[in-house]
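Coordinate inspection notes
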Amino acid sequence: MWAYIARRVLLSIPIMIGITALIFLISHSLPGGPLAMYLNLPTITHAQIEHLTIQFGLNKPLWMQYVSWLGKALHGDFGRSFVDGRPVLAVIGDRVPATLELMVTALIISYLLAFVLGVVSATRQYSAFDYTMTVLSYAGMAMPVFWLGIILILVFSVDLHWLPTFGMVTPGVPYSFLDNVKHLILPVITLVVYTLAQESRYVRSSMLEVMQQDYIRTARAKGAPERRVLYRHALRNALLPVITVMMLDFAFLISGALITETVFAWPGMGRLFFDSLQDGNYPVVVGMAVLVSLAVVVVNILTDIIYAVVDPRIQYS
Amino acid sequence: MGAASPLAEAQESQLLIRPPSFWRRLLLHKLAIVGAAVLLVVIVLCLLGPVVTGTNPNAIDFTAFGSPPSLHHLMGTDDLGRDEFTRILFGGRISLLVGFLAMLIGVGLGGLVGAISGFFGGTVDFIAMRVVDIALSIPRLFLLLLLSVTIGQSIFDISLIIGLTAWMYPARIMRAQVLGLRSLNYVEAARSIGSRSTRVLFRHIVPNAIAPLIVNSTIQVGQAIVSESVMSFLGYGIQPPTPSWGNMLTNAQTFVQTAPWLAIFPGVMIVITVLAFNLIGDALRDALDPTGQKGALGRGRNAKQATA
């Protein structure tokens, strides 16, 4: 087992190097390159730009720049934000809690609903309920996440005046938990629909597959109550592949969360990324893309390890 | 719906003596027929756009700024007084074009990488599959936006960018197919009569491996339309005044209070078009592989099955 884990971690090192190299390369070809922010200053002189080029090491070959950037990044130094001069890690760190609040709330709700709806759909295959769920998840999958957000704003904020349209709290009012929750509702619904459409289908098809297995027939044959068959025998075995697929969708979920943030002006990482890209705030853009991608890799490793630990049928050598 | 209706299921089981043909199985999928019909209507309307509405998508009606849907302006006008219905039709051309182009690029590139990777195996395969892992680990939104700033925002640029971020699943699907086929007897036979590797791969293996890729490409068109809409909504896609379903939604949020129709129509067009592509894709999957598990559907699902 330990050998497997070690191998899995080692295998991800070239992937991490590839990710950083790719993002580094793309960002370097952004118009204006790393100095874009400075080039736009009206007072900057040619000499100053040359000075900055040397200071940042931009006159060196690209691979040397990459190596020195990677060396610093490994020590948590992603440079400084061009906007306020603060370390990139701190700038991004400030935004993490808001994004986590949104993502974790949405994830918990959508996973719970996915299991309930998926199991009910599977046990009543071809029922009216199953058809309704199928139609809804098809619609959910065809919907751009930002559009869903706009429609929710249209219905619940503009028409019904029930909920606020943007931000995390009402500005100028002391923080209250209730206010925060109110602001959370629409973005969370958006993200839940976005993930639920896919995930309830995973649960459904995994359950349907398990229900056809011999051991389910055996359990029924020896007279186990249907409830027990469903929850003790079927669901348990259906869980593992579902959880794996759900965790592999992590990158997909992050994209959805970041887009949702822009629609609702949620002050998280998504917002920061768009603002930084717009401003040409190059270190923040690179730092965020790299950090989030590495988080995806870590989640993938964890998924594989959990799979290996939980499923005794699989022998890893 | 990936699952056939009970009726279709029953009809199918009656036909068991002689397995229904591919076209018959496809026709049994009523929802897919609906999807295809909807798609046909959308495509024809968009292509005939100027004939239908007879106006320029950027023509301004100075008597109607932000006016609600009426007989004169079927879907109302936008904040600049442009007819929304005309823009929907012209925007549809762009969105559909980007969808198809991006699919061709993504599936073409992915198919090629997957075929080479599965056929040659060894180091080539290892490296290609690690590149796939790398590309899949970077959340797609980052790549779409960064590449848009780097490469450009013409219709072809946007299609290229979407294709470049969508080739990974086709590559995995193709690889799995080729792996399964390359040790079969008829391939051995082709080799033994001295065919070159490229001929064996492209003449004997790829044509037999292509079916799942066709299923995936249908779904990819829909996904590409969604990607275009996200990029354009955020301002990094098709640039105005050229309309696309995505960039028509850019200002929709600003006017959501005064002109809600501007938010509704482009989104509805995206949803029904993407839905139609997904329905057709799922029906194709069932029709091409009647033994396969039914009911599995959607984004990358068959890719995951292929690599599981």
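These numbers come from a predicted model, not from an experiment. (Residues numbered from 1 in each chain as written. Chains lettered and ligands numbered in written order. Predicted model: local features only at pLDDT ≥ 70, side-chain atom pairs only at ≥ 80, totals over all residues. Heavy atoms only, no water.)

1. Things to note about the overall build of chain B
A tally of regular secondary structure across chain B gives 14 helices and zero strands. When its helices and strands are written in sequence order, chain B yields α-α-α-α-α-α-α-α-α-α-α-α-α-α. Split into buried and exposed, the 308 residues of chain B put 55% on the buried side. Restricting to contacts in chain B with at least 6 residues of sequence separation, those with at least 24 account for 69%. (Helix = DSSP H or I, 4+ residues; strand = E, 2+ residues; numbered from the N terminus. Buried < 20%, exposed > 50% of the residue type's maximum accessible area, 1.4 Å probe, protein only. Contact = heavy atoms within 4.5 Å.)

2. Describing the overall build of chain A
Across its full length, chain A holds 13 helices and zero strands. Traced from its N-terminal end to its C-terminal end, chain A shows the element sequence α-α-α-α-α-α-α-α-α-α-α-α-α. Its C-alpha atoms put chain A at 85 × 60 × 35 Å along the principal axes. The 317 residues of chain A split such that 49% are buried. Pairs at least 24 apart in sequence give 71% of the contacts found in chain A among residues at least 6 apart. Split by element, the accessible area of chain A, about 15400 Å² in all, is 68% carbon and sulfur. Here chain A contributes 20 positive and 18 negative side-chain charges, whose respective centroids are spaced 11 Å apart. (Areas by Shrake-Rupley, 256 points an atom, 1.4 Å probe, with all protein chains shown as cover. Lys, Arg positive; Asp, Glu negative; His and termini not counted. Charge placed at Lys NZ, Arg CZ, Asp CG, Glu CD.)

3. Focus: the interface of chain A and chain B
Between chain A and chain B, the residue contacts involve 56 residues of the former and 54 residues of the latter. In total, about 4900 Å² of surface goes out of reach between chain A and chain B, with carbon and sulfur atoms giving 74% of it. Taken as a group, Tyr 138, Phe 146 and Trp 147 of chain A account for 14% of the area that chain A buries against chain B, more than any other trio of residues on that side. Taken together, chain A and chain B are joined by four residue pairs in polar contact (both at pLDDT 80 or more). (Buried area = accessible area lost by both parts, 1.4 Å probe. Polar contact = N/O pair within 3.5 Å; in protein donor to acceptor, adjacent residues only side chain to side chain.)

4. Description of the pattern of salt bridges
Residue and element names in this part refer to chain A. Per the stated rule, a full pass over the model turns up 12 salt bridges over all chains. For the salt bridge of Asp 214 with Arg 217, the shortest nitrogen-to-oxygen distance reads 3.3 Å. Highlighted residues: Asp 214 and Arg 217, both in helix H9 (residues 214-221), separated by three residues, approximately one helical turn. Its relative accessible area of 51% is what places Asp 214 among the exposed residues. Given a relative accessible area of 58%, Arg 217 falls into the exposed group. A salt bridge links Asp 275 to Arg 271; its shortest N-O distance comes to 3.8 Å. One end of the pair, Asp 275, and the other, Arg 271, are both in helix H12 (residues 269-279), four residues apart, so they sit about a helical turn from each other. Via salt bridges that share partners, Asp 84, Arg 86 and Asp 94 belong to a single interconnected network. (Salt bridge = Lys/Arg side-chain N within 4 Å of Asp/Glu carboxyl O.)

5. Some points on the confidence of the model for chain A
Across chain A, the average pLDDT comes to 83, with 96% of residues at or above 70. Mean pLDDT per element in chain A: helix H2 (residues 36-39) of chain A is the minimum at 69, and helix H5 (residues 88-123) of chain A is the maximum at 90. (pLDDT = per-residue confidence, 0-100.)

6. Things to note about unusual backbone geometry
Pro 240 of chain B connects to Pro 241 of chain B through a cis peptide bond whose omega is 10 degrees. Within the secondary structure, Pro 241 of chain B sits in the loop between helix H12 (211-233) and helix H13 (261-288).

7. Here we look at the packing of aromatic side chains
According to the stated counting rule, one finds 10 aromatic pairs over all chains in the structure shown. Relative to Phe 78 of chain A, the ring of Trp 69 of chain A lies with its centre 6.2 Å away and its plane at 70 degrees, an arrangement referred to as edge-to-face. Neither Trp 69 of chain A nor Phe 78 of chain A differs from the other in exposure class; each is buried. Both rings, one in Phe 100 of chain B and one in Phe 277 of chain B, keep their centres 5.9 Å apart while their planes meet at 75 degrees; by these two values the pair is edge-to-face. One end of the pair, Phe 100 of chain B, is in helix H5 (residues 84-120); the other, Phe 277 of chain B, is in helix H13, with 177 residues separating them in the sequence. (Phe/Tyr/Trp six-rings, centres within 6.5 Å; stacked < 30°, edge-to-face > 60°.)

8. Notes on the packing of H5 of chain B against helix H8 (residues 155-164) of chain B
Residues and elements named next belong to chain B. Direction vectors running N to C along H5 and H8 enclose 45 degrees, while the axes themselves pass 7 Å from each other. Viewed along their axes, H5 and H8 adopt a mutual orientation that is oblique. For the element pair H5 and H8, the recorded crossing hand is right-handed. On the side of H5, the interface is formed by Ile 94, Leu 97, Val 98, Leu 101, Ala 102, Ile 105, Gly 106 and Leu 109, while H8 contributes Ile 155, Phe 156, Ile 158, Ser 159, Leu 160, Ile 162, Gly 163 and Leu 164. Among the residues forming the contact of H5 with H8, the class breakdown is 13 nonpolar, three polar and no charged. (Axes fitted to C-alpha atoms, helices over the stretch in contact; angles between N-to-C directions. Parallel < 35°, antiparallel > 145°, perpendicular 65-115°, else oblique. Left-handed = near helix turned anticlockwise from the far one by under 90°. Nonpolar A, V, L, I, M, F, W, Y, C, P; charged D, E, K, R; others polar.)

9. Details of the environment of Asn 300 of chain A
Take Asn 300 of chain A: it is sitting in helix H13 (residues 282-310). Distance in space between the C-alpha atoms of Asn 300 of chain A and Met 247 of chain A is 7.1 Å, their sequence separation being 53 residues. Aside from chain neighbours lying at most four places away, what touches Asn 300 of chain A is Arg 8, Met 247 and Leu 248 of chain A together with Ser 137 of chain B.

10. A few points about the environment of Leu 179 of chain B
Among the structural elements, Leu 179 of chain B can be located in helix H9 (residues 168-181). Between the C-alpha atom of Leu 179 of chain B and that of Asp 125 of chain B, which follows or precedes it by 54 residues, the distance is 11 Å.

11. Digging into the domain arrangement of chain A
All names here are of chain A. If you check the domain split of chain A, you get domain 1 (2-74) and domain 2 (97-310). Measuring from the centre of the C-alpha atoms in domain 1 to the corresponding centre in domain 2 gives 33 Å. Every contact between the two is made by 17 residues of domain 1 and, on the other side, 15 residues of domain 2. A per-residue breakdown of the area domain 1 buries against domain 2 is headed by Arg 8, Met 16 and Ile 23, which together make up 30% of the total. (Domains from an automatic or database assignment.)

12. Some details on the confidence of the model for chain B
Here chain B shows a mean pLDDT of 80. Residues at 70 or above account for 78%. Within the model, the stretch residues 292-308 of chain B combines pLDDT values under 50 with 50 contacts to residues more than four positions away or in other chains.

13. Quick notes on the nonpolar core
Across soluble globular proteins, nonpolar side chains have a tendency to be buried as a group. Ranked by internal contacts, the top residues of the largest apolar core, which has 158 residues, are Phe 146, Met 207 and Phe 273 of chain A together with Trp 245 of chain B. Here this core takes 14 residues from H13 of chain A, the largest share from any one element. Discounting chain neighbours no more than four positions away, the residues touching Trp 245 of chain B are Val 42, Cys 46, Ile 88, Gly 91, Gly 92, Ser 95, Ile 225, Glu 228, Pro 266, Met 269, Ile 270 and Thr 273 of chain B. By size, the runner-up hydrophobic cluster in this structure holds seven residues, among which are Ala 128, Ala 135, Trp 167 and Met 168 of chain B. (Core = buried A, V, L, I, M, F, W, Y, C linked by side-chain atoms within 4.5 Å.)

14. Brief notes about H5 of chain A
Residues separated by three or four positions in an α-helix point in the same direction, a consequence of the helix having 3.6 residues per turn. Counted at 1.5 Å a residue, the expected span for H5 of chain A with its 36 residues is 52 Å, and the 50 Å between its end C-alpha atoms agrees. Along H5 of chain A, the sharpest kink reaches roughly 30 degrees, centred on Val 96 of chain A and followed within four residues by the proline Pro 97 of chain A. (Expected span 1.5 Å × (residues − 1). Bend = angle between axes of the 7 residues up to and from the residue.)

15. As for a positive patch on the surface
Judged by side-chain charge, Lys 222, Arg 228, Arg 232 and Arg 236 of chain A come together as a positively charged surface patch. Looking at the secondary structure, you find Arg 232 of chain A in helix H10 (residues 226-248). (Patch = residues over 30% accessible without salt bridge, like charges linked within 9 Å, V, L, I, M, F, W, Y side chains within 5 Å.)

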